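Report on the structure
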Amino acid sequence: MRRSGRRRRSRAAGRRSPRTARRARGARRDRREAAHPRAHRRGTPPGSARSGTDRFQAFAAIPTQKPAAAAAELERAVRELGFPGAMLYGRTADKLADHPDNDELYATAERLGVPLHFHPQTPVKPVIDAYYSDLGPIGPALAGAAIGWYYDLGVQYLRMIFSGVFDRFPGLQVIAGHWGEVVLFYLDHIGFFAQAGGLPRPLADYFERNFWVAGSGTVSSRYLRWTAEVVGTDRMLYSTDYPYTYGARPGGFPYVDTSNGAARAFLEDAPFTGEQKADIAHRNWERLTA
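All figures in this text were calculated on a predicted structure; none of them were measured in a lab.

1. Regarding the packing of helix H3 (residues 67-79) against helix H4 (residues 103-112)
- Look at H3 against H4: their axes get within 8 Å of each other, and the N-to-C directions meet at 20°. With respect to H4, the element H3 is oriented roughly parallel. Considering only the axes of H3 and H4, their crossing is right-handed. Contacts between H3 and H4 involve Pro-67, Ala-68, Ala-70, Ala-71, Leu-74, Glu-75, Val-78 and Arg-79 from the former and Glu-104, Leu-105, Thr-108, Ala-109, Arg-111 and Leu-112 from the latter.
- A class-by-class count of the residues in the contact of H3 with H4 yields 9 nonpolar, 1 polar and 4 charged.

2. What to know about the sheet that holds strand S6 (residues 236-237)
- As summarised here, the arrangement of the 6 strands in space is S1-S2-S3-S4-S5-S6, forming an open sheet in which the pairing is parallel. Lying at the two open borders of the sheet, with one neighbouring strand each, are strand S1 (60-61) and S6.
- In this structure, strand S5 (residues 211-214) lies alongside S6, joined through 2 bridges in parallel fashion. Paired with Val-213 across the two strands is Met-236, which belongs to S6.

3. Focus: helix H6 (residues 138-146)
- Within the span of H6, buried status applies to Gly-139, Ala-143 and Gly-144. Buried residues of H6, seen end-on, are gathered within an arc of 110° and therefore sit on one face of the element.
- Where H6 is buried, its residues touch helix H5 (125-131) and helix H7 (148-162).

4. Remarks on the pattern of salt bridges
- A complete count under the given rule lists 13 salt bridges for this structure.
- Between Arg-283 and Asp-279 there is a salt bridge, with the nearest N and O atoms lying 2.9 Å from each other. One end of the pair, Arg-283, and the other, Asp-279, are both in helix H14 (residues 274-288), 4 residues apart, so they sit about a helical turn from each other.
- You can call Arg-283 partly exposed: its relative accessible area is 29%.
- Because the salt bridges share partners, they merge into one network encompassing Glu-75, Arg-79 and Arg-111.

5. Digging into the side chain of Ser-216
- On the secondary structure map, Ser-216 appears in the loop between S5 and helix H12 (221-231).
- Only 2.9 Å separates the side chain of Ser-216 from the backbone nitrogen of His-178, close enough to count as a polar contact.
- If we ignore the near neighbours within four places in the chain, the residues touching Ser-216 are Gly-177, His-178, Ser-239, Thr-240, Asp-241 and Thr-245.

6. Topic: H4
- Buried within H4 we find Asp-103, Leu-105, Tyr-106, Thr-108, Ala-109 and Leu-112.
- In this fold, the buried residues of H4 make contact with H3, strand S2 (86-89), strand S3 (116-119), H7 and helix H8 (165-168).
- Note on H4: the residue one or two positions beyond its end, Gly-113, has a positive phi of about 70°.

7. What about the packing of aromatic side chains?
- Under the definition given, this model contains 12 aromatic pairs.
- Measuring from centroid to centroid gives 5.3 Å for Phe-166 and Phe-211, while their planes differ by 55°, and the two rings are tilted. Of this pair, Phe-166 sits in helix H8 while Phe-211 is found in strand S5, placing the two residues 45 residues apart along the sequence.
- With relative accessibility at 0%, the residue Phe-211 sits in the buried group.
- Three or more aromatic residues joined by ring pairs form one cluster here, namely Phe-118, Tyr-157, Phe-166, Phe-207 and Phe-211.
- Cation over ring: Arg-201 sits above Tyr-206, and NZ or CZ is 3.8 Å from the ring centre.
- For the cation-ring pair, Arg-235 lies above Trp-212, with the distance from its terminal atom to the ring centre recorded as 4.0 Å.

Cut-offs used in this document
- Residues numbered from 1 in each chain as written.
- Predicted model: local features only at pLDDT ≥ 70, side-chain atom pairs only at ≥ 80, totals over all residues.
- Heavy atoms only, no water.
- Axes fitted to C-alpha atoms, helices over the stretch in contact; angles between N-to-C directions.
- Helix = DSSP H or I, 4+ residues; strand = E, 2+ residues; numbered from the N terminus.
- Parallel < 35°, antiparallel > 145°, perpendicular 65-115°, else oblique.
- Left-handed = near helix turned anticlockwise from the far one by under 90°.
- Contact = heavy atoms within 4.5 Å.
- Nonpolar A, V, L, I, M, F, W, Y, C, P; charged D, E, K, R; others polar.
- Pairing = 2+ DSSP bridges.
- Buried < 20%, exposed > 50% of the residue type's maximum accessible area, 1.4 Å probe, protein only.
- Arc of directions from axis to C-beta.
- Salt bridge = Lys/Arg side-chain N within 4 Å of Asp/Glu carboxyl O.
- Polar contact = N/O pair within 3.5 Å; in protein donor to acceptor, adjacent residues only side chain to side chain.
- Phe/Tyr/Trp six-rings, centres within 6.5 Å; stacked < 30°, edge-to-face > 60°.
- Lys NZ or Arg CZ within 6 Å of the ring centre and 35° of its normal.

This is a description of form; function is not addressed.
In structure tokens form, the structure reads like this:
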């Protein structure tokens, strides 16, 4: 009883419990390591992304919490380790992808000629509370990989365009997964607002010049055809999402399963020429990262 009383008095006085203190120390350590990735990757030899095999490549992980460190780590990963680009979230803490703090990173990627592959993430809590709460177990799924991820990142792509990121860095190349994170399917409508938003060129031009689109394991022929019509087969990258889109067909649902040859057959059976299929399968990636 006395121990419990001390704990209550400690918390009432504003002191943290041992568990809370450990979590805080862990969070501080994570932030330090994120800002200084070289310190905890000393065992990574130069040229590691190039060595061993020509069948595998990797995106660099960069510390976007520290913009200068993120740009420096991208430079190191590309020049010293041979990475062909980086994968990152659009949002870091409360800063979205178009925040001016990211300009140094975008300038570095443009100068190095490497793409940035944005991965979606769960929306911020107020959005979750407003749109995905009180739905039982399906709520978190809807907020995440069902639909919430893609709206969250797709809107950030639009913010990058309308805030002038690609006008300041016209050579910046972005890989958009999941068939363009919803936005491609609304370009014919959103483009109406390009002039009102002060864009110097049509909205679709940004996707044709600055974006490369991958399907990320959703084997939908309709999405494939629409993406080809909007951005062209020369801006498409073939991809799966193994193991997350492998061997699961709830209720027989076929579009998010790339097992048993479905991944290969999806492209082989596509209504494109052999040259276009080769572009999507590998030549576009080779051109992007040359």
